[in-house]
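Each chain is listed here by its residues.
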Amino acid sequence: MIHAIKVAQEERLFAGKSVSVAVITRGRPPGYLRVAFSAVTGLLRGLWLTLGYLWSPEAIVTRQYPENRATLQLTERFRGNLRFKFPNEKAQEDHAAFIEQLAHETQTHAHVAADLVREENETRWYHNCTGCGKCQEACPNASIKVFTRQGEILEDREVDRFVWRLDSCMFCNACVQACPWDAIEMTGGFENAVYDRRLLVYNLNRLAGPRINYIEEEENPDVRKRMVERRDRYGGEVPLNGFALPNLPPVTTPMESGSRAIDADAQARLT
Amino acid sequence: MTVHVRTLDELLHAPLEADSDLTTQEYLVNMGPQHPIAHGSLRVVVRLDGETVKEVIPVPGYVHRGVEKMCEHLNYRQVIPYTDRLDYLSAIMNNWAVAKTVETAAGIETNDRIEVIRTIMAELQRLQSHALWWGVTGMDLGAYTAFLYGFREREIIGEIFEETIGARLTMNYIQPGGLMYDIKPDFAAKVKKLLPYLKDCVEQYETLLSGNVIFQERLRNVGIVDGARAVALGCTGPVVRASGVPLDLRATEPYGAYGKVQFNVVVGTVGDCWDRYYVRLEEMRESIRIIEQLIDGIPDGPYSTIRYNVELTLPEGIHYGQVETARGAFGVLIVSDGKREIPYRLHFRSPNFNNLWVVTAMAPGWRIADFISIQSSLDLVIPDIDR
């Protein structure tokens, strides 16, 4: 330290209050020889510190990201891609076991085996979503659009397609917090690079249909099957981003009826 | 009193003088918007006479996103993730400013647990922000090693944030009436384990940079601004404290758990770059002290006093609240019409915007290389200037 630096504590009156203050003061500038000496020692001390990493490389905190992919552990609360929770755990486990066995039999990797499966067990896609749209209201960016449909069996509104726009999502977790049914979660997925941004808008639900408890109340397996309908990741119309910002009041003009017609027309085109 | 406001066009097309001894002419040079020292898209036009800076004309606006206008369509919970994107190095403090304003205006009460956790998180963020600033200042002045050391601490504190919150940068953690998540059971133990390490790190910073004669010579007595001028320009945070004004909202109008803890407001005596540098280093030590006092006795209680989906409507009127972020006073001004759950108008008083203009007072008379030191010592975050 070529300049003697002192930190002295004192009480000072400021804005009508006594504030405890630490004042940084410095001594007189040192002479030329002293500066020259400190210059050398100061640099050497810094170099000595960096040299330490040579014999204690375990102190390095850098993570070698693409190389450590296999062992990468993300925390439980990590806010990555949004997805549906699939609460039918038994079906999930059965499916995983089935894929593992298939991979073993065909001597391939699990993700290759998963592609081989044509007919999937639909029960593993049962979800908690009722299509209430709370997440859509909570989203600050209008990244979520929940399309609902009139259910045939239960005669109630139910989720048809849950569209999530990854490209405009800011991962604020508002939708997960707002969901009263614990239907969605943010996961550890973060590798989202694609060559076409249209691939970033997709359906989260695999089944259009009512909430899982309504399906499980039904005993007849045929009726259960009719309650739900498969939905792909892509497919169906895509909402234009932000066409209806939450809480944005509709534009009103003196021509009430005319503006409403325009509004309805615009919505029909955009949704 | 009349004030002549000159437009950017007038400033840029003012006649260039040729009054130098060496019969050179003045000339204008753009620093930025793409410049390694700017840490973002900030354009600064400097009028030079040889190497000497004659005038500095900051031209902000290259990252303007209209956040305040966007917030007029968002309810108060939705405003909070947008504040993450202003001063992204003080995301938690910015969240807190909105939450505090809404809580005060709507009469929402919080409990001790919430306030203590908020304070700990904010101080961790301040440490993280100052660590990054220290590294970046080193890098600006030609010491790349410092950059890597600064990021080392940022990484380690970031891991704690990621475990509790799920994000490292844009956290959206502090909500009106509470927090987004409760802390994990091992949070206190982890932070306690971290504190001695961080103390060591501050000592390492001293060894690596503070003791370096080149670094000292580039900062000492450069860019002096006195307290009165800094206050007149609206500076807050370490910039005004380095000039000897103990303006720290944590001490002058305590919020959160700051009223319960002992800490010093660090002030400088000269008001040069070195004071601004050392004030931040000392503030890191003070932040560690604050966390040490709070981490042992986190009270019990719920982590949020209101449900997430509850409708927040503020009474009609103008509501203002401010907190001390790592860079100064961040204020939120909300005009509410009392009917809807969205603000009628909203304004952010961002510390960096005011801290930017002090370069116009500091830089003239110094060389270009000194201007780099001056700008580094202000610790500017450009998205916070432009909003």
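Residues numbered from 1 in each chain as written. Chains lettered and ligands numbered in written order. Predicted model: local features only at pLDDT ≥ 70, side-chain atom pairs only at ≥ 80, totals over all residues. Heavy atoms only, no water.

(A) Structural context of helix H6 (residues 144–164) of chain B. In this model H6(B) runs 31 Å from its N-terminal to its C-terminal C-alpha over 21 residues, within 8% of the 30 Å that 1.5 Å per residue would give. In the stretch just after H6(B), Gly166(B) is the one whose phi turns positive, near 100 degrees. (Helix = DSSP H or I, 4+ residues; strand = E, 2+ residues; numbered from the N terminus. Expected span 1.5 Å × (residues − 1).)

(B) View of the interface of chain B and chain A. With 65 residues of chain B at the contact, the number on the chain A side is 52 residues. Taken together, both faces of the contact between chain B and chain A bury some 5,000 Å²; the carbon and sulfur share is 57%. Counting the contacts that link chain B with chain A gives 3 salt bridges. Residue Arg26(A) pairs with Asp272(B) through a salt bridge whose shortest N-O separation is 2.9 Å. For the interface between chain B and chain A, the tally reads 28 residue pairs in polar contact (both at pLDDT 80 or more). Sorting the residues of the side of chain B that touches chain A by element identifies helix H3 (76–83), H6, helix H7 (187–210), helix H8 (213–219), helix H11 (249–252), strand E6 (265–267) and helix H12 (273–295) of chain B as the ones contributing at least two each. The element best represented in the side of chain B that touches chain A is H6(B), accounting for 9 residues. Among the residues forming the side of chain B that touches chain A, the class breakdown is 27 nonpolar, 21 polar and 17 charged. Two strands pair when backbone bridges link them, and strand E2 (residues 17–26) of chain A and E6(B) are joined in this way by 3 bridges, in the parallel orientation. Considered in E6(B), the bridge of Ala22(A) is made with Val266(B). (Contact = heavy atoms within 4.5 Å. Buried area = accessible area lost by both parts, 1.4 Å probe. Salt bridge = Lys/Arg side-chain N within 4 Å of Asp/Glu carboxyl O. Polar contact = N/O pair within 3.5 Å; in protein donor to acceptor, adjacent residues only side chain to side chain. Nonpolar A, V, L, I, M, F, W, Y, C, P; charged D, E, K, R; others polar. Pairing = 2+ DSSP bridges.)

(C) Focus on the environment of Arg367(B). Considering the arrangement of structural elements, one finds Arg367(B) in the loop between helix H14 (359–362) and helix H15 (368–378). Contacts of Arg367(B), omitting those with residues within four sequence positions, involve Glu51(B), Thr52(B) and Val53(B).

(D) Fine view of the pairing of strand E2 (residues 43–49) of chain B. Residue and element names in this part refer to chain B. The buried fraction of E2 is high, at 7 of 7 residues. Side chains Arg 43, Val 45, Arg 47 and Asp 49 project from E2 onto one buried face, and the interleaved Val 44, Val 46 and Leu 48 project onto a second face that is buried too. Bridge count for strand E1 (residues 27–31) against E2 is 5 bridges, and the pairing is antiparallel. Its bridge partner lying in E2, Tyr 27 is registered against Leu 48. In terms of strand pairing, E2 meets strand E3 (residues 52–59) through 7 bridges, oriented antiparallel. Of the residues in E3, the one forming a bridge with Leu 48 is Val 53. Taken together, E2 and the strand that follows it, E3, pair antiparallel across an intervening segment of 2 residues, in which Gly 50 is found at a positive phi of about 65 degrees. (Buried < 20%, exposed > 50% of the residue type's maximum accessible area, 1.4 Å probe, protein only.)

(E) Summary view of the packing of aromatic side chains. Scanning all chains against the criterion turns up 21 aromatic pairs over all chains. With a centroid separation of 5.8 Å and an interplanar angle of 65 degrees, the aromatic rings of Trp48(A) and Trp55(A) are classed as edge-to-face. Take Trp48(A) and Trp55(A): they sit in the same class, and that class is exposed. With centroids separated by 5.0 Å and ring planes inclined at 80 degrees, the aromatic side chains of Trp96(B) and Tyr255(B) adopt a geometry described as edge-to-face. Taken together, the positions of Trp96(B) in helix H4 (residues 91–106) and Tyr255(B) in the loop between H11 and E6 put the pair 159 residues apart, joining distant regions of the chain. Given the relative accessible area of 1%, Trp96(B) is considered buried. Three or more aromatic residues link up through ring pairs in this structure, and these residues are Trp133(B), Phe215(B), Trp274(B), Tyr277(B) and Tyr278(B). Taking NZ or CZ as reference, Arg345(B) lies 5.0 Å from the ring centre of Tyr344(B), over its face. (Phe/Tyr/Trp six-rings, centres within 6.5 Å; stacked < 30°, edge-to-face > 60°. Lys NZ or Arg CZ within 6 Å of the ring centre and 35° of its normal.)

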